[in-house]
Amino acid sequence: MKKYLLLLLLFVTTATLAQNNSADTSWKHIYRAEATKINDLVDTKLDVKFDYSKSYMYGKEWLTVHPHFYPTDSLTLDAKGMNINEVSLYTNGKKTPLKYTYDSMFLRITLNKAYKANENYTVYIDYVSKPDEWREGGSAAITGAKGLYFINPRGEEKDKPTEIWTQGETEHNSVWMPTIDKPNQKTTEQITMTVPDKYVTLSNGLLINQKKNTDGTRTDTWKMDLPHSPYLFFMGVGDYTIVKDSYKGKDVAYYVEKQYAPVARGIFGHTPEMIKFYSETLGIDFPWQKYDQIVGRDYVSGAMENTTATLHEEAAYQNARQLKDGNDWEDVIAHELFHQWFGDLVTTESWSNITVNESFADFSETIWNEYKYGQDKGDEKNYDDMQTYLNSNSDDKPLVRFHYADKEDVFDAVSYPKGGRILNMLRHYLGNDAFYASLHKYLTDNKFKNGEAQQLRLAFEAVTGQDLNWYWNEWYYGAGEPVLDISYVYDDAANNVKVIVQQKQKQQIFKMPVNIDIYNGANKTRYQVWIQNPVDTFTFSYTTKPDLINFDADKVLLCRKTDHKTADNYRAQWKYAPLYVDRREAIDYFGDNKMLTELSLGLNDKYYGIRSFTLDKMKEIPEALSNASVLQTVQRIATNDEHNRTKARAIDMLAATKDPYYKSIFEKAVNDSSYTVAGAALEGLSNLDSANAYTLAKKYAADAKGDLADAVNAILISQGGEADYDLVLKTYSDMPTSQQKLQVTEDFCNYLSKINDTAKIKNGIDKVISFRNAIPQAYRSYVDPAINAALQKVADAKGADMQAYIQTQMK
């Protein structure tokens, strides 16, 4: 699963949320073990029909099970919020009623006898799933827990399609099918769905039969003949166009709304190449019968790796203009695909070990970018994800977590970006060949079964011949990361330099190999050292004083560091050290120290990411906005750079000068096919010619996304009048992300304060409150103050009656 946390809380506050939701700390004494296996699932056969008017699903299930080891005469199934109509033993087509009890959570069945290990029996269950009536909290990663979702089932929202999709992780599929809803279960599957004939269906495995019925419905049967975990079961129904692709004769397809069919390959089209890359890298060809991807409206997370049928949220949809700025969803596509090996083929045995699913999927984004777009892009991805973890306030939680308040809590910055960086460090320590040979062994030994961190360690040890307990103990079972202070003491008389590394973290002392490169001009000598004490001192001899000592020369160590290099050291690092992070660190230093001459070197870097970062740092230096030489280079980037987002950053910098000289650049760029470039240009125009910018904002509002949408929204909300109400309201209502909507809610309320039509004001207030109410309760304490303050400004401007209206609507 690729998680996208709501609003500005992405990863940063997940630790705080967990603490706030867990005032009772008794969970710290509860060991979260793998679920005990009394019975094992063998096969699941479902026959379901949907009631769109009630948002019900009518189900019939044939569940084949056998005792795991000890004989048993009972079966307990997870079955949440259902009506249970019948429970029978099914033998040779004959049903024999069984006794059972049901408490809306668990279906406890008394069998006809005690069954022995591996003695199969089949239970038949007739039931009704009522997902909208089930009440269970969501999480930071998954904002709903209904399992089965009816989207606009009665067609009451005219601009939204009618869809059905399911979301199983963690244990939510048991809202729509009785099962043993634990990740350490594996079962084959057959799902028969009866749906209106106008809709297509999608499920795991292959579509083996379709039958048109006389009542305008159609019955589709999907079969998955390879075992996988119940939370990976999936059903999707809707008015989709299927865009077909392939990999080695296996079907690869993209299920999209018809208006996105022309760009489906632009969004998902790298999938076959990704499958080939991951298959060859792991030495295990794609293990399933086919691979489909579908986009669901109002999805409760980012994406989900259902076996052979990945579900994406609607943010995956991008039009042709958006794709000119790059595919913002490509990392998610790569992430979910890698799960087909790590998560689906081999599945975590428990949520405590979610790292063997999610850390690998996070890591896969780095290696895909590295392969497809080069070393700099891969290094940038690794660096960005490392910063995501370091900024998350999560250094008190181990990667493998046997103590948590709720299983949903493990889907966080530790399991994702920290875990991904831990794998990347291990890759660099062992080398690519040993690393991927170890992954091959882990997957081969455990295919169609479950895995955990110790099995992963044993695979690595078997391949490399090394004892790796030290690595697992500190990175998998320990918390935190090194906090390093690195200083240098040069002794020209003795012709040596001491590199002193202090570990200042409160947690464990880490033992880690680190490469140190010593540069004399372009000549480099590499040394490998081990940090393993509170203070380590490494002494290196020299004939000529080095220009640079580059600690962690591969820039892979997950750590916080204070590196006491000089300005001359950073000049040498920029000139000689080759990696993305080397150059970024130098640019960061030049910018922080207002070294404009050195900073301007970044404008000509080979990689657009460094050019963009340089522009960001330059905007913070007032002198740069008046330096003719710098601005000449920035103007060249603004007009000619091959990368649209870098070009837009250059336009942003020119806009910050508020110099009319650049108006012609803005006027040309505002018509660019790139939303990012056009948005930057429109903002630049708004600084110089607000009336023209307002006219253009109204003109472009109908086709504005991304940065152009942000610019249009800001101008319309700040400058719009009563006559613009419908456009401003639509602009606010249609914002694609909650983060964007939160950011402009204050401006939107300021706009409401300016107009006079009471009905329009109240309608706008209703939109704000509806947005607020849609935010999960766990986040409300973070967003309510800002939203309440914005609404209070409307009340202050419009008087007591409006204050009373707001208070009534807020209840």
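Okay, so let's go over this structure. (Residues numbered from 1 in each chain as written. Predicted model: local features only at pLDDT ≥ 70, side-chain atom pairs only at ≥ 80, totals over all residues. Heavy atoms only, no water.)

### Some thoughts on the overall build of the chain
A count of helices and strands for the chain gives 26 helices and 29 strands. At 29 Å, the chain has a C-alpha radius of gyration in line with the 28 Å of a compact globule built from 811 residues. The C-alpha extent of the chain, read off along each of the three principal axes, is 90 × 75 × 55 Å. Contacts in the chain between residues far apart in sequence, at least 24 positions, make up 68% of those at least 6 positions apart. Of the roughly 32400 Å² of accessible surface on the chain, 47% is carried by carbon and sulfur atoms. The averaged location of the 110 negative side-chain charges in the chain is 2 Å from the averaged location of its 93 positive side-chain charges. (Helix = DSSP H or I, 4+ residues; strand = E, 2+ residues; numbered from the N terminus. Rg over C-alpha atoms; globule rule 2.2 N^0.38 Å. Contact = heavy atoms within 4.5 Å. Areas by Shrake-Rupley, 256 points an atom, 1.4 Å probe, with all protein chains shown as cover. Lys, Arg positive; Asp, Glu negative; His and termini not counted. Charge placed at Lys NZ, Arg CZ, Asp CG, Glu CD.)

### Topic: the sheet that holds strand β20 (residues 309-313)
Strand order in the open sheet made by the 5 strands is β16-β17-β18-β20-β19, with mixed pairing throughout. Taken across any chain shown, the strands that pair with only one partner, and hence form the sheet edges, are β16 (241-247) and β19 (303-304). Here helix α3 (residues 271-282) sits on the sheet in contact with β16, β17 (250-256) and β18 (291-296), set at roughly 35° to β16. Against the sheet, helix α5 (residues 330-339) contacts β18, β19 and β20, and its axis sits at roughly 150° relative to β20. (Pairing = 2+ DSSP bridges. Axes fitted to C-alpha atoms, helices over the stretch in contact; angles between N-to-C directions.)

### Topic: the layout of surface pockets
Approximately 480 Å³ is the volume found for the second largest pocket. Around the second largest pocket sit 21 residues that line it, and Tyr383, Gln387, Lys561, Val581 and Glu585 are the ones nearest its centre. For the lining of the second largest pocket, the secondary structure elements donating two or more residues are α7 (375-390), β29 (560-563) and α13 (580-592). If you tally residues by element for the lining of the second largest pocket, the top one is α13, at 6 residues. Here the residues of the lining of the second largest pocket sort into 9 nonpolar, 2 polar and 10 charged. (1 Å grid on protein atoms, 1.4 Å probe; cavity = no way out; pocket = protein on both sides within 12 Å on 5 of 7 lines; lining within 4 Å. Points joined across faces, edges and corners; volume = space filled by probe spheres on them. Nonpolar A, V, L, I, M, F, W, Y, C, P; charged D, E, K, R; others polar.)

### Some words on the sheet that holds strand β12 (residues 200-203)
Strand order across the open sheet formed by 4 strands is β9-β10-β15-β12, with antiparallel pairing between neighbours. Edge positions in the sheet fall to β9 (148-151) and β12, since each has one partner strand and no second. Pairwise comparison of adjacent strand axes, ignoring direction, gives a mean angle of 15° for this sheet. For strand β10 (residues 163-166) and strand β15 (residues 235-238), the ladder comprises 3 bridges, and the chain directions are antiparallel.

### Side note on the environment of glutamine 190
With respect to the helices, strands and loops of the structure, glutamine 190 is situated in strand β11 (residues 187-196). Looking at glutamine 190, the relative accessible area reads 17%, which means it is buried. Glutamine 190 sits 213 residues away from histidine 403 along the chain, and the two C-alpha atoms are 36 Å apart. Ignoring anything within four residues of it in the chain, the contact list for glutamine 190 reads Thr44, Lys45, Leu46, Ile208, Thr221, Trp222 and Lys223. (Buried < 20%, exposed > 50% of the residue type's maximum accessible area, 1.4 Å probe, protein only.)

### Notes on the side chain of lysine 290
Relative to the assigned elements, lysine 290 resides in the loop between α3 and β18. With a relative accessible area of 2%, lysine 290 lands in the buried category. Within polar-contact distance, the side chain of lysine 290 engages the backbone oxygen of threonine 308 at 3.1 Å. If near-sequence neighbours (up to four positions away) are discounted, lysine 290 is found in contact with Leu202, Ser203, Asn204, Gly205, Leu206, Trp222, Asp251, Thr308 and Ala309. (Polar contact = N/O pair within 3.5 Å; in protein donor to acceptor, adjacent residues only side chain to side chain.)

### Some thoughts on the nonpolar core
Ranked by size, the top nonpolar core spans 149 residues in total, and within it Phe50, Trp341, Tyr471, Tyr476 and Phe551 carry the most contacts. Top element by residues in this core is helix α8 (residues 414-430). It accounts for 7 residues. For tryptophan 341, the contacting residues outside a window of four places in its chain are Ile275, Tyr278, Ser279, Leu282, Ile284, Asp285, Phe286, Pro287, Val346 and Leu443. (Core = buried A, V, L, I, M, F, W, Y, C linked by side-chain atoms within 4.5 Å.)

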